[in-house]
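Understanding the architecture of this molecule
So you can see what is in the structure, the chains are spelled out below.
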Amino acid sequence: MKKVIILMGPPGSGKGTQARILVSTFGYGHISTGDLLRKLDKDPNADPEDKKQLAALKTGDLVADDLIYRLAFREMERYLEQGTGVILDGAIRTVAQAKTYQAFFEERDLTDEIVVIELAISDETSYKRLAHRKVCAACGFILPFSPENEAQTLCPECEGVLEVREDDNPTAIQERIKVQGNEALRPIIAYYKELGVVKTIDGEASISNVDKVVIDILENEA
Ligand code: AMP
């Protein structure tokens, strides 16, 4: 199996959910820049200069590249040095970022170890999913909307408190779809298609169906 699995897709396409499943299935390291940024935001000892960059996190805009690289590359080094593969979840959101990550992989002889899984959904689905999901404050589990889940207040995995993410509000959702949705993704996917490493999956399907397809691709095709 490839050592570097890059999950791409609009917000709400299932990157976080699939990353968590793959981490528990394959024991890979989970590199979620969104999680790393939220952790930094809650850290009272974090560098105030870094904290200033986090305003973008609340509005749905992109956080500055240098902070993203510092957080993501340190985590990736940690796993790769131990020989553990990595799953990148939302860590690449522009072509410039894709190129910088590519240079990181080239320096470490990992260019043959990359697979990009594109979870394809429409911007409408993206909006609906973000507007209705809940997230566990303790472990990060994502509870999608369904009539059965509506009344749920505790995490089914760890019993932590479920909350609505600060940026899952209508204004920030619209901004995220604008800067991280299908239009923004197109050139990044094109960049990876040029490298011949993209596998596209219908992300509109159920979590378990998407999961089956992703695992099959990783084990047999990538
Ligand atoms: P996520 O949890 O992946 O939805 O990310 C939450 C927020 O973190 C995004 O809306 C951005 O503000 C920021 N963010 C996460 N990853 C990146 C990245 N690779 N580049 C820039 N901003 C990012």
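Now for a description of the structure that goes with this document.

About the cut-offs
Residues numbered from 1 in each chain as written. Predicted model: local features only at pLDDT ≥ 70, side-chain atom pairs only at ≥ 80, totals over all residues. Heavy atoms only, no water. Helix = DSSP H or I, 4+ residues; strand = E, 2+ residues; numbered from the N terminus. Buried < 20%, exposed > 50% of the residue type's maximum accessible area, 1.4 Å probe, protein only. Expected span 1.5 Å × (residues − 1). Contact = heavy atoms within 4.5 Å. Axes fitted to C-alpha atoms, helices over the stretch in contact; angles between N-to-C directions. Parallel < 35°, antiparallel > 145°, perpendicular 65-115°, else oblique. Left-handed = near helix turned anticlockwise from the far one by under 90°. Nonpolar A, V, L, I, M, F, W, Y, C, P; charged D, E, K, R; others polar. Pairing = 2+ DSSP bridges.

**So, the environment of G34**
As for its position among the elements, G34 is in helix 2 (residues 33-42). Given the relative accessible area of 15%, G34 is considered buried. Along the chain, G34 and A91 lie 57 residues apart, while their C-alpha atoms are 7.7 Å from each other.

**Some details on helix 6 (residues 95-107)**
When the terminal C-alpha atoms of helix 6 are compared, their 18 Å separation across 13 residues agrees well with the 18 Å that a helix rising 1.5 Å per residue should span. Buried residues belonging to helix 6 abut strand 1 (4-8), helix 2, helix 5 (65-81), strand 3 (86-89), strand 4 (114-120) and helix 9 (182-194). One or two steps after helix 6, the chain reaches D109, where phi turns positive at roughly 55°.

**Let's talk about helix 5**
For helix 5, with 17 residues, the first-to-last C-alpha span of 23 Å sits near the 24 Å given by 1.5 Å per residue. When we look at burial in helix 5, the residues that qualify are L67, I68, Y69, L71, A72, F73, E75, M76, Y79 and L80. Along its buried surface, helix 5 packs onto strand 2 (29-32), helix 2, helix 3 (48-52), strand 3 and helix 6.

**Structural notes on the packing of helix 1 (residues 15-26) against helix 10 (residues 207-221)**
Running from N to C, helix 1 and helix 10 cross one another at 50°; their axes reach a closest spacing of 11 Å. Taken together, the axis directions place helix 1 and helix 10 in an arrangement best described as oblique. Between helix 1 and helix 10 lies a crossing whose hand is right-handed. The segment helix 1 lies against helix 10, with T17, Q18, I21, L22, T25 and F26 engaging I207, V210, D211, V214, I215, L218 and E219. Residues that form the contact of helix 1 with helix 10 fall into these classes: eight nonpolar, three polar and two charged.

**Section: the pairing of strand 4**
Within strand 4, six of the seven residues are buried, leaving the element largely enclosed by the surrounding structure. With five bridges joining them, strand 1 and strand 4 adopt parallel strand pairing. When the sheet's bridge partners are listed, L7 is paired in strand 4 with I117. Where strand 4 meets strand 8 (residues 198-202), five bridges bridge the pair, whose relative direction is parallel. The residue bridging L119 from the neighbouring strand is I201, located in strand 8.

**Brief notes about the sheet that holds strand 1**
The five strands lie next to each other as 2-3-1-4-8, forming an open sheet whose pairing is parallel. Each end of this open sheet is capped by a strand with a single partner; those strands are strand 2 and strand 8. Across this sheet, the average inter-strand angle for adjacent strands is 20°, counted without regard to direction. Helix-sheet contacts for helix 1 involve strand 1, strand 2, strand 3 and strand 4, and the interaxial angle to strand 3 is about 170°. Each of strand 1, strand 4 and strand 8 touches helix 9; the most contacted strand, strand 1, lies at about 150° to it.

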